[in-house]
Structure formats: C-alpha cells, structure tokens
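Descriptive analysis of the structure
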Amino acid sequence: MKARHILILLATALMCGACERTLDFDGPESEKATDLVVNATAIAGSPLCVYVSRAYQIDEVPSVMYYDYQHAVLYRDDFINDYRVDDYLQKTAVKQAQVTAEVVNGDVSYQMAFDEINLMYACNYVPREGDRIRITVQNGTSTVTAETEVPAKPAIEVVSHEVLPEDPYEDMGDLVNQADTIMRLTCRISGVDDNSYYRLRVRSERSQTLKSESQWGYQWNNNYYVMQDIYFSEDDMFTDNRLTRGFGGWPAYFSSTFSSEQVGGNSRTFTLDSPLAYIHTLDFNKTTTEDIPEIEPRVMVELQAVSPDLYRYLKSMELYRISEVDRNAEPTLIHSNVKDGWGIFGSLSFDRVYIPYD
C-alpha cells in the first residue's frame, strides 16, 4: 500500500516538473532603444511647451536636493520661484534636440526652440479643442514620438456655497497651511460625454504684502502667496479603492481624477469642502524680487477634461506616491505614451470659476 502511494507521489512530481519552463524577461533596458524622456501637456488656449530630458539607471540618477511635499505644493514666497525646484532638470535636460510639433488634422507643423531660462522647448503654437498633435524629438540617432488629441472644454458651475461654522477636519494632521475656516461648495458638472475623463482642481488661495524694517531703518516689503489644493468630498465619484493610504493631506480612497462612468450620466451635482489657506507672518529678512498682486481670499474651482493617456498617467502617479519603498514590493508602473522613449504627452481643456469669501 505504501509503495503505491510512493509511486503516485513520484508520478505527480514528474508531471509538475515537466510543466516548468524558464521564461525570458525583457526588462526596461531592452524595451526602449533610447534614454529620451518627453513630458508635455497641450492645454487649450496656452502656448505649447515640451520638456526633454534623459532617463537613468537607478544607480546612475544624478544627486539633487528635494523639498518636501508640503513645501512644494502648498506655499510660495518671493524666494521660491512658484514652487519650482529645477535642480534635477538642470542636470538631465537635453538642450540640443530637434523638436517638432505637428497639428495632424490641421496639416501644419512648428519647429520648437530651446528656452535656456525655463529649460523647455517652446513655440508660438496655441492648441485648440479638437487639435490632434504629434510631437517628434530627434537627438543624435534617437527619435521618439507621441500623440494626443485636445478634448472638448467641460462645464462646471458652483450652485451654492457657504462658510461652515466649525471645522470638521481639525484632526487631519497631515494637512498644513490650513486655517480653521472651511468653505462648502455645491457644484454641478454638465455636458459629460461617454468615454471621457476628468480632473477636478479646487484651490483656496490668498496673498498678502508684509512690510519689514530693520533696526537701521531699511524698509522692504515681503509678498506672500499661499494656496491649499486639498479638498474633501463624500461623493463616490471621487472614490478609488486602490488608494489604500492617504498622502500629504489627501484622505485614503480619494482621487481627484475620474471618468465619465463615475459621473454616471450627462451631469452630476455634488458637494465638497475646501479649507481656507493660512498666511503666517514669519519674516525671513530678505529683499523681494517679485511683485505678487494681492489676492483676496477665494476658492478656485476648475474642471479639466483630460486625454485618456493623461488620465492613466495621473492615476498611476496617485498609486506611485503611496507605494512602499521596499525592493521586495510589487513595482508601480508609471503610464507612458512616448513611442520608443519615456514620458507622457497629454492634453486638457478646462472651465474655471472663482468664489470669493464674503
């Protein structure tokens, strides 16, 4: 009896072993013939600009200093240039490429020139809704291309708004530059098409000029601009069950990017809460280099219609930013639509409304 059991086990082991096969793995190094990275977003009504840089192996990435997330997205003063930290771009930008933007459905092309100050390629072409655009980048023997079509402008309106008598989010410890004031807005999206994609930006913003004087009588003004991009809503249109952790004040399972399927029809009315951005009076004792016009406290509500590739890129980035820093963890792939290269070329159009604090 025991001998028969042993034979059965041996036969099973042989069958399992016969099913094993070594598979070839084509890693990223063999998938791309170039190290060129192209990043651009064609925005209806704004001149087109394209960033071209190089990709590096993980052990060859240039060393740079990074600001923390809160500093980068929540605060600007005269000494930080509009949240831009371009140390990495300074070291990786490709400055001698030939960059062409072609409006495929308009039969016209534009040669783009490199802007040394902003480290990007620019031209006088202003994308319009419905434009189908192809970017071609040539550098040495490498050529990469990417395409996008600018979506139709969406529509959003603020049906009503009110300032809440108390702050229901006072325990949100990750949220900085937040005052105790919350504006609740009821908004309505309309004209939603099938198979379309959207992103909702809600920004509380304000600015202030602080006058300073030294003990020697030297006077100067410090101009501050502060904004808060994080908002909250219980509407399931913003639910993404893959986002199992919060990030920088954004709650878990919340995404500002959604599809027409989540809207659930041609229109939708929903409610959201926007924390008032807070201005402190800290004096850095430095002279100013930029004049920021004073902005009274207000909330900007902006609905973007985004291209499918830009939607997938934004979704992958939301996952990437909460990924564990663990070599054994499953990698998070960042969506790319650049043929024979890396990066994202997306497009968007938008509708924007400003609601001042009363």
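Up top you'll find the structure we're talking about.
Report follows, based on the coordinates. (Residues numbered from 1 in each chain as written. Predicted model: local features only at pLDDT ≥ 70, side-chain atom pairs only at ≥ 80, totals over all residues. Heavy atoms only, no water.)

1. Considering the side chain of serine 260
Here serine 260 is to be found in helix 5 (residues 260-263). A distance of 3.4 Å separates a polar atom in the side chain of serine 260 from the backbone oxygen of aspartate 193. Those residues in contact with serine 260 that lie beyond four places of it in its chain are Val192, Asp193, Asp194, Asn195, Ser196, Tyr198 and Gly265. (Helix = DSSP H or I, 4+ residues; strand = E, 2+ residues; numbered from the N terminus. Polar contact = N/O pair within 3.5 Å; in protein donor to acceptor, adjacent residues only side chain to side chain. Contact = heavy atoms within 4.5 Å.)

2. What about the nonpolar core?
One finds Leu185, Leu200, Phe258 and Phe270 to be the most contacted residues of the largest nonpolar core, which totals 31 residues. Residue assignment for this core shows that the elements contributing at least two residues are strand 9 (155-163), strand 10 (178-190), strand 11 (197-213), strand 14 (268-277) and strand 15 (298-306). Looking at this core element by element, the count peaks at five residues for strand 10. Those residues within four positions of leucine 185 in sequence are excluded, and the remaining contacts are Val158, Ser160, His161, Phe270, Thr271, Leu272, Ser274, Val299, Val301 and Ile355. In terms of nonpolar packing, the next biggest core, distinct from the first, is built from 29 residues, Ala42, Val50, Phe114 and Val338 among them. (Core = buried A, V, L, I, M, F, W, Y, C linked by side-chain atoms within 4.5 Å. Buried < 20%, exposed > 50% of the residue type's maximum accessible area, 1.4 Å probe, protein only.)

3. With respect to the pairing of strand 15
Counting buried residues along strand 15, eight of its nine residues qualify, which places the element largely inside the surrounding structure. Examined bridge by bridge, strand 15 and strand 16 (residues 342-356) share nine bridges and lie antiparallel to one another. Looking at the pairing, valine 299 lines up with isoleucine 355 of strand 16. (Pairing = 2+ DSSP bridges.)

4. Details of the packing of aromatic side chains
Summed over the entire model, instances satisfying the criterion amount to 11 aromatic pairs. Each ring, one from tyrosine 110 and one from tyrosine 125, has its centre 4.9 Å from the other, and the planes form 20°; the classification is stacked. Within this pair, whereas tyrosine 110 is found in strand 5 (residues 108-115), its partner tyrosine 125 is found in the loop between strand 6 (120-122) and strand 7 (132-139), the two being separated by 15 residues in sequence. Tyrosine 125 sits in the buried class, given a relative accessible area of 4%. An aromatic cluster is present here, built from Tyr198, Tyr231, Phe238, Trp250, Phe254, Phe258 and Phe270 joined pairwise through their rings. Sitting over the face of the ring of tyrosine 354, arginine 298 holds its NZ or CZ atom 4.0 Å from the ring centroid. (Phe/Tyr/Trp six-rings, centres within 6.5 Å; stacked < 30°, edge-to-face > 60°. Lys NZ or Arg CZ within 6 Å of the ring centre and 35° of its normal.)

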